[in-house]
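# Commentary on secondary and tertiary structure
Listed here are the chains, written in short residue letters.
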Amino acid sequence: MTPSDEPDILADAAVSADDLPAGKPAQSGRLFLRALPFFARHGVHAAERELGQRFVVDVDWWLDTRPAAWADDEALTISYQQVYEHVSAVVNDDPVSLIETLAERIATRLLDHFHLLEQVRVVVHKPGAPVTGVFGDVGIEIIRRR
């Protein structure tokens, strides 16, 4: 697959207002990181674990952003850098067979580490998945709430 043939993984990254936490006021804000590239050794097949492959992760997280905005204080929000570091730690940790497991571990870690976080959306793309046939993208999307 050449770079021009690669799918536009950002095209499907939109999340609607329907994806806000249930029962929460509309004051929640959504922060996000898109298209985080990683090389890791996750997969069901031995060759995937031996050779490794590319994974791309998108993360959205919801919290009440008003206190941080009103105070203009980064301590009252969730740092993009810290989220990136947690995602990277999970992706680069011990290999797992399923991207479902990888996505769940990312979501759980973020919910465990950030008390302000109300909801998290994790998408794991596996552009080199061992699928016979032509495809634009393979992946999983999960949404987890407190």
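Throughout what follows, the structure given in this document is the object of discussion. (Residues numbered from 1 in each chain as written. Predicted model: local features only at pLDDT ≥ 70, side-chain atom pairs only at ≥ 80, totals over all residues. Heavy atoms only, no water.)

### Things to note about the overall build of the chain
The line we're drawing: To qualify as a helix, a DSSP run of H or I must reach at least 4 residues; to qualify as a strand, a run of E must reach at least 2; elements of each kind are numbered from the N terminus. Categorising residues by exposure relies on relative accessible area from a 1.4 Å probe, with only protein chains included: less than 20% of the type maximum marks a residue as buried, more than 50% marks it as exposed, and the intermediate range marks it as partly exposed. In this description, contact between two residues means that some pair of their heavy atoms is separated by no more than 4.5 Å. All accessibility values rest on the Shrake-Rupley procedure with a 1.4 Å probe; residue burial counts only the protein chains present in the view.
Each helix and strand in the chain was counted, giving four helices and four strands. Helices and strands appear in the chain in the N-to-C order β-α-β-α-α-α-β-β. Taking all 146 residues of the chain together, 39% fall into the buried category. Long-range pairs, those at least 24 residues apart, make up 66% of the contacts in the chain between residues at least 6 apart in sequence. Summed over all atoms, the accessible surface of the chain reaches about 8,300 Å², with 52% contributed by carbon and sulfur.

### Re the packing of aromatic side chains
As a reminder, the rule being used: Two aromatic rings from Phe, Tyr or Trp, using only the six-membered ring of Trp, form a pair when their centres are within 6.5 Å; if the ring planes differ by under 30 degrees the pair is stacked, by over 60 it is edge-to-face, and anything between is tilted.
Applying the stated criterion to the full structure yields two aromatic pairs. With a centroid separation of 5.9 Å and 20° between ring planes, the pair formed by Phe 38 and Tyr 84 is classed as stacked. Residue Phe 38 is located in strand 1 (residues 28-40), and its partner Tyr 84 is located in helix 3 (residues 80-91); the two are separated by 46 residues in the primary sequence. Among the residues examined, Phe 38 registers a relative accessible area of 6% and is labelled buried. Look at Trp 61 and Tyr 80: their rings are 5.7 Å apart centre to centre, the planes differ by 65°, and that puts the pair in the edge-to-face class.

### Some thoughts on the pattern of salt bridges
Rules: Should a side-chain nitrogen of Lys or Arg be within 4 Å of a carboxyl oxygen of Asp or Glu, the pair is scored as a salt bridge.
On inspection of all chains with the given rule, the structure shows seven salt bridges. Where Asp 60 meets Arg 34, a salt bridge forms, and the shortest distance between an N and an O atom there is 3.0 Å. Note that Asp 60 is positioned in strand 2 (residues 53-64) and Arg 34 in strand 1, a separation of 26 residues in sequence. The exposure classification of Asp 60 matches that of Arg 34, with both residues buried. As a salt-bridge pair, Lys 126 and Glu 48 come within 2.7 Å of each other at their nearest N and O atoms. A residue pair is termed long-range when its members are at least 10 positions apart, and Lys 126 in the loop between strand 3 (119-125) and strand 4 (139-145) and Glu 48 in helix 1 (residues 46-51) qualify at 78 residues. Across the pair, exposure class does not vary: Lys 126 and Glu 48 are buried alike. The network of salt bridges with common partners includes Arg 30, Arg 34, Asp 60, Arg 121 and Glu 141.

### Structural notes on helix 3
Which entries qualify depends on this criterion: Given a helix with a known number of residues, its expected span is that number minus one, times 1.5 Å. Any N or O atom pair separated by 3.5 Å or less is treated as a polar contact, with the protein-specific requirement of one donor-capable and one acceptor-capable atom, and with residues adjacent in sequence counted only for side-chain atom pairs.
Between its first and last C-alpha atoms helix 3 spans 16 Å; for twelve residues at 1.5 Å apiece the expected length is 16 Å, and the two agree. Among the residues of helix 3, those classed as buried are Val 83, His 86, Val 87, Ser 88, Val 90 and Val 91. Tucked into the core, helix 3 has its buried residues touching strand 1, strand 2 and helix 4 (99-113). The opening residue of helix 3 is Ser 79, an N-cap whose side-chain oxygen sits 3.1 Å from the backbone nitrogen of Gln 81.

### Structural notes on the environment of Leu 33
Here Leu 33 is to be found in strand 1. Note: C-alpha distance between Leu 33 and Asp 60 (27 residues apart in sequence) is 6.5 Å. In contact with Leu 33, not counting residues within four places along its chain, are Val 57, Asp 58, Val 59, Trp 61, Tyr 80, Val 83 and Tyr 84.

### Description of the environment of Asp 60
Overall, Asp 60 belongs to the buried group, its relative accessible area being 0%. Considering only alpha carbons, one finds Asp 60 and Val 123, 63 residues apart in sequence, at a separation of 8.9 Å. Of note is the side chain of Asp 60, whose polar atom sits 3.0 Å from the side chain of Arg 34. Side chain to side chain, Asp 60 and Arg 121 meet in a polar contact 2.6 Å long.

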